[in-house]
Amino acid sequence: MPYSPLLVKPMREELTSLGVDELLTAEDVDKWMQQKDGAALLVVNSVCGCAAGMARPGVRLALEHEAQPDRVATVFAGQDLEATAQARNYFPDIPPSSPSMAFFKDGELVFFMPRHRIEGRSAEAVAEDLKTAFDEHCTAQPVS
C-alpha cells in the first residue's frame, strides 16, 4: 500500500522546488527515458532518513555545480509504485534500492548510486560523487 500523499508531499517538494520533474506514472517514465540525447539524472526518492539527510540534500548540492545534467527527474518509491517499477526496468541488473540515483548519458546508464552508497555518508559526500559523474558526462551550464 502506498504512503499517504500528505506524508510525502514535503519530501517531493524538496526536489520539485529545485526544478526536478516528477514522473508519476509508468508512461511518464517511458516518455522521459525516450529522450535519449544528453545527460539525465533519475532520482528514486524515499521516505527514509537517508533520503532526508543525505540523498535529497546531496542532489540539491550537486545541482549547484557548474556541470549539470540536461534533465533531472524523480520517482517516489513507496508512493508512485508503477512509476518506480518502470524506472527500475531501465536498470534491470541492479537490485531495487531506495533512495538511489541513476545517471544516463545518451540513454545509456553510466553511473548508479544505490542506497548503500548513500546511507551513513554526508550529503556533501553524496554530492561529490554526483558532481564527479556530472564532470565526466555533462557540459558546464552558464551561470544565470
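Overview of the structure.

Rules of the game
- Residues numbered from 1 in each chain as written.
- Predicted model: local features only at pLDDT ≥ 70, side-chain atom pairs only at ≥ 80, totals over all residues.
- Heavy atoms only, no water.
- Pairing = 2+ DSSP bridges.
- Helix = DSSP H or I, 4+ residues; strand = E, 2+ residues; numbered from the N terminus.
- Contact = heavy atoms within 4.5 Å.
- Axes fitted to C-alpha atoms, helices over the stretch in contact; angles between N-to-C directions.
- Core = buried A, V, L, I, M, F, W, Y, C linked by side-chain atoms within 4.5 Å.
- Buried < 20%, exposed > 50% of the residue type's maximum accessible area, 1.4 Å probe, protein only.
- Parallel < 35°, antiparallel > 145°, perpendicular 65-115°, else oblique.
- Nonpolar A, V, L, I, M, F, W, Y, C, P; charged D, E, K, R; others polar.
- Phe/Tyr/Trp six-rings, centres within 6.5 Å; stacked < 30°, edge-to-face > 60°.
- Lys NZ or Arg CZ within 6 Å of the ring centre and 35° of its normal.

Here's the deal with the sheet that holds strand 4 (residues 100-105)
Here comes step 1: Across the sheet, 5 strands lie side by side as 1-3-2-4-5; this open sheet has mixed pairing. The sheet is open, and its two borders are formed by strand 1 (21-22) and strand 5 (108-113), each paired with just one other strand.
Here comes step 2: With 2 bridges joining them, strand 1 and strand 3 (residues 71-76) adopt parallel strand pairing. Counted as the bridge partner of Glu 22 is Thr 74 from strand 3.
Here comes step 3: Where helix 5 (residues 123-137) meets the sheet, its contacts fall on strand 2 (39-45), strand 4 and strand 5, and the angle it forms with strand 5 comes to roughly 165 degrees.

Topic: the nonpolar core
Here comes step 1: One finds Leu 41, Met 101, Phe 103, Ile 118, Val 126, Leu 130 and Phe 134 to be the most contacted residues of the largest nonpolar core, which totals 24 residues.
Here comes step 2: Put simply, the parts of the chain that give this core at least two residues each are strand 2, helix 3 (49-62), strand 4 and helix 5.
Here comes step 3: Looking at this core, the element that brings in the most residues is helix 3, giving 6 residues.
Here comes step 4: Among residues more than four places away in sequence, those in contact with Ile 118 are Cys 50, Met 54, Ala 55, Pro 99, Ser 100, Met 101, Met 113 and Val 126.
Here comes step 5: Counting 16 residues, the second-largest nonpolar core is a separate cluster that includes Met 33, Ala 83, Ala 102 and Phe 104.

Notes on the packing of helix 1 (residues 5-16) against helix 3
Here comes step 1: Two numbers describe how helix 1 lies on helix 3: the axes approach to 9 Å, and their chain directions differ by 30 degrees. In terms of axis orientation, helix 1 runs roughly parallel to helix 3. Note on element contacts: helix 3 touches helix 1 through Ala 52, Arg 56, Pro 57 and Val 59, opposite Met 11, Glu 14 and Leu 15.
Here comes step 2: Looking at the contact of helix 1 with helix 3 residue by residue, the class counts come to 5 nonpolar, no polar and 2 charged.

Some thoughts on the packing of aromatic side chains
Here the distance between the centres and the angle between the planes together describe a pair of aromatic rings.
Here comes step 1: Applying the stated rule across the entire model yields 3 aromatic pairs.
Here comes step 2: Here Phe 103 and Phe 134 contribute two aromatic rings whose centre-to-centre distance is 5.5 Å and whose plane-to-plane angle is 40 degrees, an arrangement assigned as tilted. Taken together, the positions of Phe 103 in strand 4 and Phe 134 in helix 5 put the pair 31 residues apart, joining distant regions of the chain. For the pair shown, Phe 103 and Phe 134 are each scored as buried.
Here comes step 3: Following the ring pairs from residue to residue traces out a cluster consisting of Phe 91, Phe 104 and Phe 112.
Here comes step 4: Above the face of the Trp 32 ring, Arg 71 is positioned so that its terminal group lies 4.3 Å from the ring centre.

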